Amino acid sequence: MSPTTLHVRAETKALEHRTAITPTIAKKLIDAGYVVNVEKAPLSIFPDSEYDGTGSSLVPTGSWIDVPSDHLIVGLKELPEEDFALKHTHVQFAHCQAGWDKVLGRFHQGGGTLLDLEFLEDENGRRVAAFGYHAGFAGAALALEAWAWQLTHPTSEPFPSVSSYENEDLLIADVRKAVEQGRAKAGHLPSVLVIGALGRCGRGAVDLCVRAGVENIIKWDLPETSAKPGPYPEITASSVFVNCIYLSAAIPPFCSPASLSTPSRELRVVCDVSCDTTNPHNPIPIYDINTTFEKPTVPVELEQGGPLEVISIDHLPSLLPREASEAFSAALLPSLLGLKDRGNVRVWQQAEKLFREKVATLPN
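Everything numeric here is computed off the predicted structure, so don't read it as measured data. (Residues numbered from 1 in each chain as written. Predicted model: local features only at pLDDT ≥ 70, side-chain atom pairs only at ≥ 80, totals over all residues. Heavy atoms only, no water.)

Just to check I follow, could you spell out the overall build of the protein chain for this structure?
The number of helices and strands found in the protein chain is ten helices and twelve strands. Taken against the 2.2 N^0.38 rule, which gives 21 Å for 364 residues, the C-alpha radius of gyration of the protein chain at 22 Å falls within 12% of a compact globule. In the protein chain, buried positions account for 51% of the 364 residues. For the protein chain, restricting intrachain contacts to residue pairs at least 6 apart in sequence, the fraction spanning at least 24 positions comes to 71%. Per element, the accessible surface of the protein chain, about 16700 Å² overall, is 52% carbon and sulfur. (Helix = DSSP H or I, 4+ residues; strand = E, 2+ residues; numbered from the N terminus. Rg over C-alpha atoms; globule rule 2.2 N^0.38 Å. Buried < 20%, exposed > 50% of the residue type's maximum accessible area, 1.4 Å probe, protein only. Contact = heavy atoms within 4.5 Å. Areas by Shrake-Rupley, 256 points an atom, 1.4 Å probe, with all protein chains shown as cover.)

Here it is in structure tokens:
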């Protein structure tokens, strides 16, 4: 039997520097008997040269379209919007809540299959690989920098654009410097409330705050939010609020314009890592747009109190593409190793079953 070939697709989405299969993981897959072809990826944080010595082969950018149909195409973000039919099996995040019928229709037309990374779950229903930790880490970093920026710049000067970091240490150095500048101006360090602190995302946010030198970190999770309904005065009393919950059902809002509109409000920055911007049950109903690396914050208009800004970036892990990719790829490896026998591996069986069920509902 010929070996299974994985074709690592180059990411083309603007500002996306991550990859699903890092050089380290490529070598492990090759050692396990896979053939790994890696597209040249100009946007990737991993230069093509890092794949030298792994045993993988570099192939042209975008060449996945023309490879044999039995090659498995592995990517990260959704495919560009096109109309041609898809003949391959694709492993990726589809992000097709809107327009799902068009996306799945392309696979149906070409005889291809979508194995959505978002729905690879272990026996306990927990995702086998996710970017949550680095989303929380990056979100807390930007929130602390935005807090310091408010203190050291006029309100007419918005928090500036940000870009990806080569490594985590460079980000930490910038955040620590900003926090010290903010402390010099305010006379104290910020207090940070993290809701969802026990999950992957929340742990990332807490770890960033610790490494940035923040001492007053309030960690909430289900025991605290289920003990009483919001809005919570503890949010108003904190300098920074980082929301890291997984929203699975309607819940009372954590805060509201009314609860935040008070002269005594300490809160200056909200980072909604969960980014349930368009969800009607969004527990932070004080903003309605996603922000970006180019414009990281959006002001909240309130009748009373000082300035308040929201960070609602839906691709926060891209701030640390190397560490985020390495952690994700390592967590995904056990599942990737099962691709050659995916018809008998539960996570892949489950993902394909979901795909088939969705395809069956497509309009004729």
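What's the story with the side chain of Arg322 in this structure? I'm lost.
Here Arg322 lies in helix H9 (residues 321-336). With relative accessibility at 18%, the residue Arg322 sits in the buried group. Residues contacting Arg322, with those up to four places away along its chain left out, are Ile45, Phe46, Pro47, Glu50 and Glu166.

Honestly, the pairing of strand S9 (residues 240-243) in this entry has me stumped. Any pointers?
The side chains of a regular strand alternate between the sheet's two faces. Residues Val240 and Val242 point to one face of S9 and Phe241 and Asn243 to the other, with burial holding for every one of them. Two elements, strand S7 (residues 191-195) and S9, share four bridges in a ladder whose sense is parallel. Following the sheet pairing, Leu193 is matched in S9 by Phe241. One ladder, built from four bridges, connects S9 with strand S10 (residues 269-272); its direction is parallel. Residue Val242 lies in a different strand from S10, and its bridge partner there is Cys271. (Pairing = 2+ DSSP bridges.)

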